[in-house]
Amino acid sequence: MDKLSTEISKSHQEFIEKQKMFFVASAPLSGEGHVNVSPKGLEQLKVLNSSQVAYLDFVGSGNETSAHLLENGRITFMFCSFDKVPCILRLYGQGKVILPESSDWCHFASFFKAHKGNRQIIVADIFHVQTSCGYGVPLYDYQGDRNILFEWAEKKGETGLQQYQKEKNRVSLDHLPTHLSVQ
Ligand SMILES: Cc1cc2nc3c(=O)[nH]c(=O)nc-3n(C[C@H](O)[C@H](O)[C@H](O)COP(=O)(O)O)c2cc1C
């Protein structure tokens, strides 16, 4: 039975912190635009309080979430259980992007283990939490995290990562500007 609440409860937080991955979705306002959904792992999401979550985001070949948050702020997170107790949990919120140059960076970065290749922190104020059964989600055994992203970032080096971001992270698929192109 789907349950909707306005705050992240202790049991919601426990479920979220048990998950090895999450999904983040955002979309442009334009009806023609590409709706983005991204799987994220590496245990980079933290529940900051009963109405705020944040995740440390790494350099990638795209930067959709940043562009959509800049344009309209809407963001949805999804966590689903792949083990014996089925459950899906969604967080609906308004998100913002904190860049390393921002005065808020140190505060939010203190919640995360620093890694080479981090590019921004996505912070979201949550106004709805929805849980649903998850009976349709298959069973999977967690085997471990991949280290490839950190090896890739290490090999690129600081300057290489900055150049890569200039080339690939300034606009979205729909040519909307990201925070990188307006800073
Ligand atoms: C080194 C590297 C790591 C990536 N890691 C992810 C990832 O963890 N999740 C993901 O959805 N896409 C990943 N991508 C692909 C795109 O970056 C990503 O799909 C796209 O940027 C989606 O928007 P987002 O970054 O706002 O989530 C990666 C790409 C590269 C080059």
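Here, every reference points to the structure presented above.
Criteria and thresholds
- Here the residue numbering is sequential within each chain, running from 1 through the sequence in written order.
- Confidence filtering applies because this is a predicted model: local features only for residues at pLDDT of at least 70, side-chain atom pairs given and counted only at 80 or more, and all residues used for totals across whole chains, interfaces and linings.
- Note: side-chain values were computed over all heavy atoms of the structure, leaving out hydrogens and water.
- Here the aromatic set is Phe, Tyr and Trp, taking the six-membered ring for Trp, and pairing holds for ring centres within 6.5 Å; pairs whose planes are under 30 degrees apart are stacked, those over 60 apart are edge-to-face, and all others are tilted.
- Starting at the N terminus, helices and strands are each numbered in turn, a helix being any DSSP run of H or I of at least four residues and a strand any DSSP run of E of at least two.
- Residue exposure (1.4 Å probe, protein chains only): buried if accessible area is under 20% of the type maximum, exposed if over 50%, otherwise partly exposed.
- Whenever a carboxyl oxygen of Asp or Glu lies within 4 Å of a side-chain nitrogen of Lys or Arg, that contact is scored as a salt bridge.
- The disulfide criterion is simple: two cysteine sulfur atoms within 2.5 Å.

Enquirer: Explain the packing of aromatic side chains here, please?
Expert: Aromatic ring pairs are reported here in terms of the distance separating the ring centres and the angle at which the planes meet. Tallied over the full model, the rule gives 7 aromatic pairs. Note on Phe22 and Phe77: the rings are 6.2 Å apart at their centroids and 50° apart in plane angle, and the pair reads as tilted. Residue Phe22 is located in strand β2 (residues 22–26), and its partner Phe77 is located in strand β6 (residues 74–80); the two are separated by 55 residues in the primary sequence. For the residue pair Phe22 and Phe77, the accessibility class agrees, reading buried in each case. Seen from their ring centres, Trp152 and Tyr164 are 5.0 Å apart, and the 80° between their planes marks the pair as edge-to-face. The buried category is assigned to Tyr164, whose relative accessible area is 13%. Ring pairing ties together the aromatic residues Phe22, Tyr55, Phe77 and Phe79, which thus form one cluster.

Enquirer: Before we go on, may I ask you to explain the pattern of salt bridges in this structure?
Expert: Under the definition given, this model contains 3 salt bridges. Asp57 is the salt-bridge partner of Arg119, the closest N and O atoms lying 2.8 Å from each other. Of this pair, Arg119 sits in strand β8 (residues 118–132) while Asp57 sits in strand β5 (residues 52–58), placing them 62 residues apart in sequence. Arg119 gets classed as buried once you look at its relative accessible area, which sits at 7%. Judged by its relative accessible area of 4%, Asp57 falls in the buried class.

Enquirer: What is the right way to look at the state of the cysteines in this model?
Expert: Where two cysteines share a covalent bond between their sulfur atoms, that bond is called a disulfide. For the structure shown, the criterion picks out 0 disulfides. For Cys80, which is in no disulfide, the shortest distance to another cysteine sulfur is to Cys87 and amounts to 9.2 Å. Its relative accessible area of 7% is what places Cys80 among the buried residues. Cysteine Cys87 remains unbridged, with the sulfur of Cys133 as its closest cysteine sulfur at 9.0 Å. Among the residues examined, Cys87 registers a relative accessible area of 16% and is labelled buried.

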